[in-house]
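Analysis of the macromolecular model
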Amino acid sequence: MSMQARIRSVRYEAEGILSFRLEPMPGAEFPPFTAGAHIDVTLGQRLVRSYSLLNDPAQRNVYEIAVQLDPGSRGGSRLIHAQWRAGQVIEISEPRNHFPLVEDARHSVLIAGGIGITPMLAMAARLTALDRSWSMHYAVRTRARAAFLDRLGAWPAVRLTVDDEPDTPRLDLAALLRDVPANAHVYCCGPAPMLDAFRRLGAGLGSRLHFEAFSSDAEAAVEGGYVVRLARSGRSVEVPCGKTMLDALLDAGVDVPFACSEGICGTCRIGVLDGTPDHRDQFLSAEEKAANDSIMVCCSGARTATITLDL
Ligand code: FES
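Computed from a predicted structure; not experimentally measured.

Reading guide: rules and limits
- Residues numbered from 1 in each chain as written.
- Predicted model: local features only at pLDDT ≥ 70, side-chain atom pairs only at ≥ 80, totals over all residues.
- Heavy atoms only, no water.
- Helix = DSSP H or I, 4+ residues; strand = E, 2+ residues; numbered from the N terminus.
- Buried < 20%, exposed > 50% of the residue type's maximum accessible area, 1.4 Å probe, protein only.
- Pairing = 2+ DSSP bridges.
- Core = buried A, V, L, I, M, F, W, Y, C linked by side-chain atoms within 4.5 Å.
- Domains from an automatic or database assignment.
- 1 Å grid on protein atoms, 1.4 Å probe; cavity = no way out; pocket = protein on both sides within 12 Å on 5 of 7 lines; lining within 4 Å.
- Points joined across faces, edges and corners; volume = space filled by probe spheres on them.
- Nonpolar A, V, L, I, M, F, W, Y, C, P; charged D, E, K, R; others polar.
- Salt bridge = Lys/Arg side-chain N within 4 Å of Asp/Glu carboxyl O.
- Contact = heavy atoms within 4.5 Å.
- Buried area = accessible area lost by both parts, 1.4 Å probe.

Examining the environment of Glu 219
In this fold, Glu 219 is placed in the loop between strand 11 (209–213) and strand 12 (226–230). Among the residues examined, Glu 219 registers a relative accessible area of 61% and is labelled exposed. In sequence terms Glu 219 and Glu 262 are 43 residues apart; their C-alpha atoms lie 8.8 Å from each other.

Quick word on the pairing of strand 1 (residues 2–14)
Judged from the five bridges that link them, strand 1 and strand 6 (residues 89–93) form a sheet pairing that is antiparallel. Bridge assignment links Met 3 to a residue of strand 6, and that residue is Ile 92. Joining the antiparallel neighbours strand 1 and strand 2 (residues 17–24) is a turn of two residues, in which Gly 16 adopts a positive phi near 80°.

Focus: the nonpolar core
It is characteristic of soluble globular proteins that their nonpolar side chains tend to be buried jointly. In terms of nonpolar packing, the biggest core is built from 48 residues, with Met 245, Leu 249 and Leu 309 touching the most fellow members. Of all the elements, helix 6 (residues 245–251) adds the most residues to this core, at five residues. Shared between two domains, this core holds at least three residues of each, these being domain 2 (107–213) and domain 3 (226–309). Counting residues in each nonpolar core, the second largest holds 30 residues, with Ala 66, Phe 99, Ile 117 and Leu 127 among its members.

Brief notes about the layout of surface pockets
Of the volumes computed, that of the second largest pocket is approximately 490 Å³. Lining the second largest pocket are 20 residues; nearest its centre among them are Arg 199, Phe 211, Gln 282, Phe 283 and Ser 285. For the lining of the second largest pocket, the secondary structure elements donating two or more residues are helix 5 (192–201), strand 11 and helix 7 (286–291). No other element matches strand 11, which puts four residues into the lining of the second largest pocket. For the lining of the second largest pocket, the residue count by class is 10 nonpolar, four polar and six charged. In terms of domain composition, the lining of the second largest pocket takes at least three residues from each of domain 2 (107–213) and domain 3 (226–309).

Things to note about the pattern of salt bridges
Enumeration according to the criterion identifies 15 salt bridges in this entry. Where Arg 151 meets Glu 64, a salt bridge forms, and the shortest distance between an N and an O atom there is 2.7 Å. Placement of Arg 151 in helix 3 (residues 149–152) and of Glu 64 in strand 5 (residues 63–68) is noted, with a sequence separation of 87 residues between them. By relative accessible area, which is 28% here, Arg 151 ends up partly exposed. Connected via shared salt-bridge partners are Glu 223, Asp 278, Arg 280 and Arg 303.

With respect to the domain arrangement of the protein chain
Domains assigned within the protein chain are domain 1 (2–93), domain 2 (107–213) and domain 3 (226–309). The C-alpha-based centres of domain 2 and domain 3 are spaced at 32 Å. Listed as interface residues are five residues of domain 2 and, on the opposing side, four residues of domain 3. With both chains or domains summed, domain 2 and domain 3 bury close to 340 Å², and 44% of this area falls on carbon and sulfur atoms. The largest contributions to the domain 2 side of the interface with domain 3 come from Ala 192, Arg 199 and Ala 213, which together make up 82% of the buried area. Taken together, the connections running from domain 2 to domain 3 amount to zero salt bridges. Taken together, the elements giving at least two residues each to the side of domain 2 that touches domain 3 come down to helix 5 and strand 11. At three residues, helix 5 tops the list of elements feeding residues into the side of domain 2 that touches domain 3. Tallied by class, residues from the side of domain 2 that touches domain 3 come to four nonpolar, no polar and one charged.

Regarding unusual backbone geometry
In this structure, Phe 148 takes a positive phi of about 70° despite not being glycine. By the element assignment, Phe 148 lies in the loop between strand 8 (133–140) and helix 3. What makes Phe 148 buried here is its relative accessible area of 1%. Unusually for a residue other than glycine, Asn 292 sits at a positive phi of about 55°. Position of Asn 292 among the secondary structure elements: in the loop between helix 7 and strand 16 (294–296).

As structure tokens, this is what we get:
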């Protein structure tokens, strides 16, 4: 369900990063959220973006998000940086959490790359409130791009690594994951190469490994040339070259939920009843992809001439 929110303030956090404090409209309330949750922000008819809530989940009626200007932006971050001002009313979704914290873990290791720091801030606040043991590793490319150092300074368990400072030790993911304390849970949010390394190096940790992508490097499948059969309505929709499956479905008037449009949030997941998906997302695990029984229609395509969806 969507709701309105007012931008109470805008803050410069670091080079290319602005944070926004959102508050409910008069007489309304924001639903509570849990650490790791995100909201979807509607920026246009087909332009929706997901942002992690970074403030302390104990704070009522305040949502804080941060947006990094992405030079390759397809409109999301560019539009926000250019147009959002304090006082403006925007449309957001209720918070959802695909990156929940295991609150009773003996120890939690939080690993953030760049703007991936945002969910970690909420997690650190929650773990602190619960008096749990935790540590954080925050890697940035340059010190100028290190956001939220003022907030992080309150926590001694935070270690900052800066790529372009030769005297600062680099983030050593392999060593970190090798030395994870027994029963600790490990969380990572960062760019795709960091997440790939995290998943590969930490595979042995099984369900104690948690991750979330904030943007996708993968190219959406726009080759087209296949037909989507909709099992429930009996309709067929052709996907032409140049369009994603989602675009073709929306053009045909099919109501499909979506948010990030980048294969990272999980909103557009649809069951596959027949045919083979061409998975391009970062949401499904390798096992889920191999099962071929669901697809993220915003970015994935089909390897077969037809694909039948549970729609
Ligand atoms: S809309 Fe986010 S994964 Fe498809």
